Structure formats: structure tokens, C-alpha cells
Amino acid sequence: MAPQDRRNGTDRRLLSLIGLVVFLATVSAVASIVDLHGHRHAPANAPAMWLALISLAAVGFTVKVRIRIRATNHYIAWTETAIVIGLTVAPTSMVVLATGIGLAVATSLARLTPVKVAFGVGKNMLVAAFSGMVLQAAGWRLGEESAVSAILPLSLAYLAAVLLDELVALPVIALATGERLADLFQEDAGLRVAAALARLVVIIGTVLIPLGDSRLLLAVPPLVLSLHLLYSNRVKARTEQQAWQRLARTTDALNVVDLDKVLTTAVTQAGELFSADEVEIELRDGGRTVRGAGGTIGYDGPAGEPSTVDGAVLPARLEGHDGSADVGVLRLRFRGPVQLSEREQYTLRTFASALCTAVRNAQAYAELARVAAEHAHAATHDALTGLANRRHLLERGTEQLSTRHAEGVTALVLIDLNHFKEVNDTLGHAAGDQVLMQVADRLRAAAQTEDLVARLGGDEFAVLLRGLPAPAIAAHRAEALIGTLHEPLDVDGMRISIEASGGIAVAPASGGMPELLRRADVAMYQAKRAGQRVSTYAPTRDTADLGRLTLGGELPRAVADHEFTVNFQPIVDLGTGEVTGAEALARWHHPTHGMIDPLRFIEAVERSGMLPAFAEAILDQALLAAGSWRAAGFDLPVSVNVSPRSLLDARFPGAVLARLRAHDLPPDRLVLELTETLTLSQLDVVDRVLSRLRDSGVRLALDDFGTGYSSLSLLSRIPVHELKIDRSFVTAMESSAEAAAVIRSTLDLGRSLDLTVVAEGVESEPQRRALWELGCAAGQGHLFARPLPAGSVLAALQRGSGGRPGALVPPLHDTGAVIRLAPGRRQPGRSRPTGLPHLPA
């Protein structure tokens, strides 16, 4: 039912109830006239008695306490008291008619509406008639009463008057205001009962005093006035106390961070707080309007929708106490004219200020939540295609592998676009981006709901297949995925054909997502070499694993024959171009296979019993090179990578310090680089080893920082001097906001902890300049030099750059130029490029 229909129905019921009261009052008036006409012995002083009764009724109505409910003022008067006192001195019929006349005069003078006049007169005439009948039924006889016998009839008559007044008045008030009838009966019930008892005392005293000493009647008016003032103050105090309590509860309920809850609470609570027929809140930001009545929300939408409540409107701006931060307006609507008291006006201002604060807090929280959600999405998704990125794939894949036994087979399809570079070179990067986006759309459309499609970077995509019923299904799914890419693409009106190769790998029993990704990569390159669309990983064709097994058996001979050599990559001051250190990188000169990269043999070294001998050989060569550079006038520290397994050996610090003494080098000329995957850092033996090394003067660096495995707790346990930014972030910093954010946060962390920060993989002048401007002082990469033998490094240092020995590249700024340094610029540190092994020391 519409609000207007409900209101019309309420008005009809209200008028019907008032009409019934007026009809019954008319019947009682007619009966009273008939009774008076047939009465043989009228009071001797009838004119004076009529005047006294009419005046008593009028004064009883005039002396009252005002209570506002919504737009209607309701009054608690002394009319019942006047009626009962009148019944003790005059016949009931005379009191009924005198009450009607007195109330008609008083209400007319008060300029009440005709409906209120009719209801007030009719109700009190009924009260007079009913109380008179109760008084007579209780045995009251005019002129025959005694002090003791008068108490019970008077009490019953007054009780009847109070009950009938409540039973008639409260339903009318409930219909007129929309309040629940039960709430009206319960509201201030204790106070009303106490006031009724006090008035009963006044009635009994007024009636019984003349029986003792008529002069005591002089005390009645002051007593009545005192009781009236006391009752008025009690009602006012109780009303204000309840109002402040409701205000406190309401403002406390606004302390939520959800804007919808704030507005709903404000609308529903303000109606009760201010007895308003409707509450409306209009927000300036977004033009939203929320409106409600009776504890419910009737409208929530754009501003401008008219209200169905006609009458007085009291607006209040939603602003702070100092007038700032105006967020909207609160409107209280009433169906008739209304004027707020001074206390209500202050309450309205306080509520509006609290609502302003709640709205601002909720809006700020919503904005923070939106920004956080955007950042969280950006950190796990590719900016160009919107697909999941490598990080998200690894995280979700790891979660999936932990439950794969319960959810079926998990497989990974790795997809690489063939000849994509030709598209970029021929049509430009904008066209290449369009191709990548269309490929992403096709893969997303072809994938099933439970699959995860990701872009790993460049033209490489991956699809994580989850919940497969059997491993063989993965091949069919991969064929379908890659088949969608062989239809020509439309790029700027041109039809371009794209071919792709895919590798499939089923989740291994061990190794997790990194191993699954490696196997899919192996399978993909097998497909490329064989000219196939798709290839499934087969362990027998994994030459990397077979090669590692073969090389592992040759390690003892390689160490004995000194086949392990060390190259050095210089670390350069990004601003001046001067070399500030070098990192030792191990190589294996195999007599048959030639130069072998550490990625192929380092794991075998760590698993074998040759780790101490291998570490000593690499450390000796590194310290020997540092000594030769120092003798030539270039006092540079050298960095050596440490295997986590070496840190489990309590003898390791002694061995390192012994090699330093053997080469006559200060401990601070050696930097030991620890990997960010150092999960052994929680062991006490590792803490003791690292603490002894640091206390001896050896510097420690945390390598590959930011790749997802480090934490602040790791930094708090490992007393490092340097952080090294992984080269993947440096490579992507110009195109990826996420990579740039990681670099910036790492530099901020380094400044906060007083750590040196070194960037790996610097390969271009724009990268060098961008890093330097962010506050990164040192870097290494192919821009400065590739890994070189120790002698070649010395020759490069002596040759210098631009007539400056010890420099490899020109400075960013000419000598004497005025430059602005980034705050907290660190001194250069040492690093190694990503992809190089963790070398045991």
C-alpha cells in the first residue's frame, strides 16, 4: 500500500473514533438536560454553582503541561481533578454540562482546531458522566458524606476518570502521530501514576478540609500550584533526559564505516529523536537522497524526487562544529506547523554534526577500500590485458596444489606466440598491444569457469587447469585453447594471423608451482623445436634433469682440477659512473661441455658433499682478485653469494675469517650475499653464524629483494647492511606501475633502516637516470659491464672513462653542475644480476 493510501486510511479511522466520542458525549449531554429538567430541588445558589463549575473546568484545562509528538502538541491538564471536585458539590448532570461549557470556552479561547475542540469537549463530558456514575455507585450522597466514608468513593471516581481519559485519548494520539499504542501507554507510566496519586490527594484534601476548618481552603490553591509546577518540572526533566539518552544512542549507532548503514540509521533514528513525520538526508557528493518514516526507508535514490509529506520542513546543514565540511542537508518534515524548543534545536545541531562526521568517515573508508581494492587488483593482474599476472598465478596455483587430491588433477598450459616480435617491429607496439589484448580475450572466452588465465609477460600466457578428471584431458583442453588463436585477428583494419606453441605439464608430486611452471616451459620449447602446436612434458626428454645428474658425478674432479672460475661484474655509482665494488660470479669450464652456467650445477653442488671445498675455491678467487685490485690502487669490496646450507655450519664464520687473514684483507672488504628465500633464518645456528660474521666486520646483503619471499621479520632477524633490487623490477619499471612501486618502497625501506640499496640489471641510460632520481645510488648491469675475469676488470678500471680511472661510464652531470639530490641518497652498495646462482661461500 502506498504511503498516501495508508495515511488516508489512518485519517478515516481517526475521524471515526472522534465522531464516536462526540456522539456519546452528545447522548450524555441530552441525558443530563433531561435529568436537570426533571429535578425538583435545584441547588439554592444555582447561578453561583454553575459559574463555579464552569470556571473550575476551564481553569483545569488551562493549567496544563505541553508535550509535542511529531507536529502535534498534546497537553496533560488538571481537568479530571476539576471534574471530580465538582462532582462532590453538584449533581452529575450539572457537572457534565458545566464541563462541556467550560471546555468549549477554554478551547475556543486557545484557538484550537474545531476537531480538537470537539474531541476535548466530548472526551471530558464522557469522563464527567462516567466518574459521576462511579461516585454514585460507590455510595456517595451530596451533603451526607463524612471524612472517612468519602475517601473510597472519591478514589474510585478519580480512578475511573483517569482510566477513561487514558483509554479515550491515547488511541486518538496513536492514530494522529503514528506512534505505537503500547509505547504511548508505557511512556512515562511511572510519572503519570505518581501525578495521579498527587492529584487524588489534592481532591481528597479539597473535599475534606471544609469538614474540619473551612479556613484551610486557603491552602488549596498554593498546594495545587506547587504540585502543578513540580509535575511540570518532572515531565520536562524526564523528557530532556530521555532526549539526551536517545541522542547518545543514536550518535553511537552512527559509528559504522558503511555509508548505507549510516544513512539508514540516521533516517530511522532521527524520526524517533525529533518526533518527525518524515526524515530526509540529501548528500552533496553524488546527489543521493535517502528518505524514510516510521522506522523504515521509503526512498533511496537521486535527489529531486518530491516528498509525500506536506507541512513544515526544518532543514539542518550537515557540517562540522566549525562550519566546515558541508556534506549535505538533513530535513525534518512535519504534517503541521511545529516549533522546536531550544533544547530540541541544540539536539538537532548536535545530531547533524555527528551525522556529518559519520558520513565523512564512511565516505573516506569507502574511498580507502576502493583504492585498496584497485591496488590489490593491480598487484595481481596484468595492466594491459586484465588477466592474472605471474604472482597471482603462483599464489592461486600453490593454493590449488595444496588441495589437488580432493579436487582432481591440476595442469598448466604455457602458451607462447610465435614471431610476435615481427608484429611489433613491423606495425609498432600499439598494434602489438592490440594483438595481446585480443589473444587475452580469446583465451578468457575459451577457458572454463574454474580455469585461471594469466599473462606472464611479453607474449607468454598461461592457463591453470583445475579439477580435471584425468591427466589426458589436459591435452584436449590445451588444443582447444591454442586453436582459438589461429583464427586471424583484426588490427586496425588488417587481418593478422598469429601462431602459438603450447606446453602442458601435470602437477608434480613435489616442487610446487615453480616446478610445474618449469616443466610447462620445457614442454613448450619442445613443441617449438618440433614444430608442433602442443607438447606434453615428459621426464625422459627433460635434458636439464639428466644433465644435472651427469654433472653431479663430475664435481669432485672439477674441484680438484680447478675447473671452477670466477668472473666479476662491477657495481657502479649511478651518479658518477665510478666503480664501487664487484660481484663474484662462478663459472664451470667443463672440458667437454664448455662454459656451464651456475643454474645447471649449483643445486648439485649444494646436495653433494663438495659444498665446503667449492665454497672455499670461489671465496679464494674472489679475495685474490680484491687483493690484486687493492694493490693497484683500487680498494674495492667484493661480493660473494652464500648458500643457505653453508649457514648451517657453525665452522663457516671461522673459515671465512681465515681466508680473509690469508689474503690480508680487512673484513669489510667482503660482502656475503644472502638469498631472499632464506627460510633457514629461523634457526638459532643461522642467527649465531650471521651474528659472528657481522660482529667480525663482514658485510651482509639481502639479494633479490622484492621477489615475493622476503618479509620485515626476515630483516629483523638477519642483520644485513644492504638490499638488492631484483632485475625483474628494474626491467619493468618503465612500463609497470607495480614494479616502480616496489622499487620506490624498497628505497624508502633502505633509508628508514639505514641500509644501502643496489639495483640489479641496469641495461639502459633511462633506467640509470630514473633509478638515480628515485634515490638509488648504486647499480650493476650490462650498461656498465658484463661479467669479466679479474684481470679484465683491473684493465677497465685503469683505462677508465673520459680520463677518469676507476670510472666505467660518464657521469650523469658535468662537474660543477647544480643538481637536486633525492632525499636520503645512500652510498653505493654491491649486487648481482638476477638469474645468477646462489654461490656457497
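Since the model is a prediction, treat every value here as computed from it, not as a measurement.

The rules behind these values
- Residues numbered from 1 in each chain as written.
- Predicted model: local features only at pLDDT ≥ 70, side-chain atom pairs only at ≥ 80, totals over all residues.
- Heavy atoms only, no water.
- Helix = DSSP H or I, 4+ residues; strand = E, 2+ residues; numbered from the N terminus.
- Buried < 20%, exposed > 50% of the residue type's maximum accessible area, 1.4 Å probe, protein only.
- Contact = heavy atoms within 4.5 Å.
- Areas by Shrake-Rupley, 256 points an atom, 1.4 Å probe, with all protein chains shown as cover.
- Salt bridge = Lys/Arg side-chain N within 4 Å of Asp/Glu carboxyl O.
- Phe/Tyr/Trp six-rings, centres within 6.5 Å; stacked < 30°, edge-to-face > 60°.
- Pairing = 2+ DSSP bridges.
- Axes fitted to C-alpha atoms, helices over the stretch in contact; angles between N-to-C directions.
- Parallel < 35°, antiparallel > 145°, perpendicular 65-115°, else oblique.
- Left-handed = near helix turned anticlockwise from the far one by under 90°.
- Nonpolar A, V, L, I, M, F, W, Y, C, P; charged D, E, K, R; others polar.

## Looking at the overall build of the chain
Okay, so step 1: When its secondary structure is counted, the chain shows 28 helices and 23 strands.
Okay, so step 2: A buried classification covers 48% of the 841 residues belonging to the chain.
Okay, so step 3: Put simply, of all contacts in the chain between residues at least 6 apart along the chain, 70% involve residues at least 24 apart.
Okay, so step 4: As displayed, the chain offers around 39,800 Å² of accessible surface, 58% of which is attributable to carbon and sulfur atoms.

## A few points about the pattern of salt bridges
Okay, so step 1: By the definition in use, this model includes 35 salt bridges.
Okay, so step 2: Between Arg 669 and Asp 635 there is a salt bridge whose closest N-O contact spans 3.7 Å. You can see Arg 669 sitting in the loop between helix H22 (652-662) and strand E19 (670-675) and its partner Asp 635 sitting in the loop between helix H21 (611-631) and strand E18 (638-641), a full 34 residues away along the chain.
Okay, so step 3: Assessed through its relative accessible area of 16%, Arg 669 is described here as buried.
Okay, so step 4: Residue Asp 635 is classed as partly exposed on the basis of its relative accessible area, which comes to 39%.
Okay, so step 5: What emerges from the salt-bridge pattern is a single network uniting Glu 278, Glu 280, Glu 282, Arg 291, Arg 331 and Arg 333.

## Some points on the packing of aromatic side chains
Okay, so step 1: By the definition in use, this model includes 3 aromatic pairs.
Okay, so step 2: A centroid spacing of 4.9 Å and a plane angle of 85° characterise the contact between Phe 564 and Phe 614, whose relative ring orientation is edge-to-face. Of this pair, Phe 564 sits in strand E15 (residues 564-573) while Phe 614 is found in helix H21, placing the two residues 50 residues apart along the sequence.
Okay, so step 3: A relative accessible area of 4% means that Phe 564 is categorised as buried.
Okay, so step 4: On the basis of an interplanar angle of 80° and a centroid distance of 5.2 Å, the ring pair of Phe 568 and Trp 629 is categorised as edge-to-face. Remark: Trp 629 occurs in helix H21 and Phe 568 occurs in strand E15; sequence separation between them is 61 residues.

## Topic: the pairing of strand E8 (residues 409-418)
Okay, so step 1: For E8, a buried count of 10 out of 10 residues is recorded, marking the element as mostly surrounded by other parts of the structure.
Okay, so step 2: A two-sided burial pattern is seen for E8, the buried positions comprising Val 409, Ala 411, Val 413, Ile 415 and Leu 417 on one face and Thr 410, Leu 412, Leu 414, Asp 416 and Asn 418 on the other.
Okay, so step 3: By the bridge criterion, 8 bridges tie E8 to strand E13 (residues 499-506) in an arrangement that is antiparallel. Across the sheet, the residue bridging to Ile 415 is Gly 502, located in E13.

## Focus: the sheet that holds strand E9 (residues 452-457)
Okay, so step 1: With respect to topology, 5 strands assemble into an open sheet ordered E9-E10-E8-E13-E14, the strand pairing being mixed. Taken across any chain shown, the strands that pair with only one partner, and hence form the sheet edges, are E9 and strand E14 (534-536). Shown here is a sheet whose adjacent strand axes are inclined to one another by a mean of 20°, direction ignored.
Okay, so step 2: Packed onto the sheet, helix H15 (residues 429-446) meets E8, E9 and strand E10 (460-468) and runs at close to 5° relative to E10.
Okay, so step 3: Most of the contacts of helix H16 (residues 473-483) go to E10, to which it runs at about 140°, and overall it touches E8, E10, E13 and E14.

## Looking at the packing of helix H4 (residues 92-109) against helix H5 (residues 114-137)
Okay, so step 1: Running from N to C, H4 and H5 point in directions that differ by 160°, and their axes come no closer than 9 Å. Relative to H5, H4 is oriented roughly antiparallel. Along this stretch, H4 crosses H5, giving a crossing that reads as right-handed. Residues Thr 92, Val 95, Val 96, Thr 99, Gly 100, Leu 103, Ala 104 and Thr 107 of H4 form the contact with H5, whose own contacting residues are Val 117, Gly 120, Val 121, Asn 124, Met 125, Ala 128, Ala 129, Gly 132 and Gln 136.
Okay, so step 2: Across the contact of H4 with H5, the residue classes tally to 9 nonpolar, 8 polar and no charged.

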